[in-house]
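Notes for the structure review
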Amino acid sequence: MNKFKSFKWLSVLMVAALFVIAGCGNNNNAGNNSAASGGNAAGNAADSAAIAKIKERGKLLVGVKYDTRLFGLKDPASGNVEGFDIDISKAIAKHILGDENAIELKEVTSKTRIPMLNNGEIDMVVATMTITEERKKEVDFSDVYFQAGQSLLVKKGSPITGLESVTKDTKILGSKGATSIKNIKEKVPGVTVLEFDNYQDAFAALKAGQGDALTTDDAILYGMASQDDGYEVVGKPFTDEPYGIAVQKGNTDVVKAINDTLAELKANGEYDAIYTKWIGKAPAK
Ligand code: GLU
């Protein structure tokens, strides 16, 4: 009887123990499952293939300018690329991958950015790129993250004081693939425009006297003028250039991740801090 009793108790204990172990196991499994499937299921369900690919790779590939002071400029001595667009890119890397340094920057120019995006070399373009209806046929854009306007840069003392003084005989310099080229041709039909591969070359040409004025967005021109006080931005901006971040068509979840990042930056004051750091006083809300 005693034996039986103790056996019974032992059985009870063993069953209880098994229960606990099983329970623990279940809990663990449940934990693991939810972590794994939580990650995977949420991951698979919520992440488009494009986001999943970025996460798998562990870094974000971003096309930025290397020659545009204030937005994306490579310091030849340190090799660092810095500017407004770079800080925005880092914030997106942090949002998607949890680390602002999980990023690889690749140089794009106004002309190469859409082809580089669409052949898969980069995940997104953060490069002073205006949202236009024409470009929307080839890429998808984020919300507007910077508002610029086209203007003119001239040598101080130039007779050109704004768009009104540009005539058919004015020689304008610009960058291939920029909206600025098409815009100036529309504003001043017949005007001569010399197109360069990038803005550094266009500015060098202006300094060498190959043209009368360089045209692109005011914010970019202010960056150039700050490099050389023999040059100034003249007249009022004559177009609207709302900047967007471009992704391959159909990558809606990447667009969402970018827009969420921008909203976060605006809500927590970081957007204004980045703006103030590179451009000056933050824009009025
Ligand atoms: N924002 C204009 C554009 O997207 C001019 C600046 C640039 O060439 O990147 O074309």
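Treat the numbers as computed from the prediction; the structure is a model and nothing was measured.

A closer look at the pairing of strand β9 (residues 150-155)
Of all the six residues making up β9, five are buried; the element is thus mostly covered by neighbouring parts of the structure. Across four bridges, β9 lies against strand β12 (residues 213-217) in antiparallel orientation. What sits directly across from S151, in β12, is T216. Inspection of the sheet shows β9 paired to strand β13 (residues 231-234) by four bridges, in the antiparallel sense. Note on β13: the bridge partner recorded for K155 is Y231.

Describing the site of the ligand
Near the ligand, the surroundings consist of 17 residues, among which S110, T128, T130, Y199 and D217 are the closest. For the ligand, a nitrogen atom lies 2.7 Å from a polar atom in the side chain of T130. D217 places a side-chain nitrogen or oxygen 2.6 Å from a nitrogen atom of the ligand. Out of a free accessible area of 280 Å², the ligand has 100% covered by protein chains. Put simply, the parts of the chain that give the shell around the ligand at least two residues each are α6 (179-187), β12 and β14 (241-243). Across the shell around the ligand, the residue classes break down as six nonpolar, six polar and five charged.

Topic: the packing of aromatic side chains
Under the defined criterion, the tally for this structure stands at twelve aromatic pairs. Joined through ring pairs, the aromatic side chains of F71, F84, Y145, F146, Y243, Y271 and Y275 make up one cluster. Lying over the aromatic face of F203, K207 brings its terminal NZ or CZ to 4.3 Å of the ring centre. Cation over ring: K266 sits above Y271, and NZ or CZ is 4.7 Å from the ring centre.

Side note on the confidence of the model for the chain
Averaged over the chain, the pLDDT score is 87; the fraction of residues at 70 or greater is 82%. Low pLDDT (under 50) marks residues 1-45, which in the prediction has 13 contacts with non-local residues, meaning those over four places away or in another chain.

Comments concerning the pattern of salt bridges
Scanning the entire structure with this criterion turns up eleven salt bridges. The closest approach of N and O atoms between D197 and K176, which form a salt bridge, is 2.9 Å. Pair noted here: D197 is in the loop between β11 (192-196) and α7 (199-207) and K176 is in the loop between β10 (171-175) and α6, with a separation of 21 residues, a long-range link. Classification of D197 by relative accessible area gives partly exposed; the value is 43%. Counted as one network, the salt bridges with shared partners bring together E134, K182 and E186.

Definitions and limits used
Residues numbered from 1 in each chain as written. Predicted model: local features only at pLDDT ≥ 70, side-chain atom pairs only at ≥ 80, totals over all residues. Heavy atoms only, no water. Buried < 20%, exposed > 50% of the residue type's maximum accessible area, 1.4 Å probe, protein only. Helix = DSSP H or I, 4+ residues; strand = E, 2+ residues; numbered from the N terminus. Pairing = 2+ DSSP bridges. Near = heavy atom within 4 Å. Polar contact = N/O pair within 3.5 Å; in protein donor to acceptor, adjacent residues only side chain to side chain. Areas by Shrake-Rupley, 256 points an atom, 1.4 Å probe, with all protein chains shown as cover. Nonpolar A, V, L, I, M, F, W, Y, C, P; charged D, E, K, R; others polar. Phe/Tyr/Trp six-rings, centres within 6.5 Å; stacked < 30°, edge-to-face > 60°. Lys NZ or Arg CZ within 6 Å of the ring centre and 35° of its normal. pLDDT = per-residue confidence, 0-100. Contact = heavy atoms within 4.5 Å. Salt bridge = Lys/Arg side-chain N within 4 Å of Asp/Glu carboxyl O.

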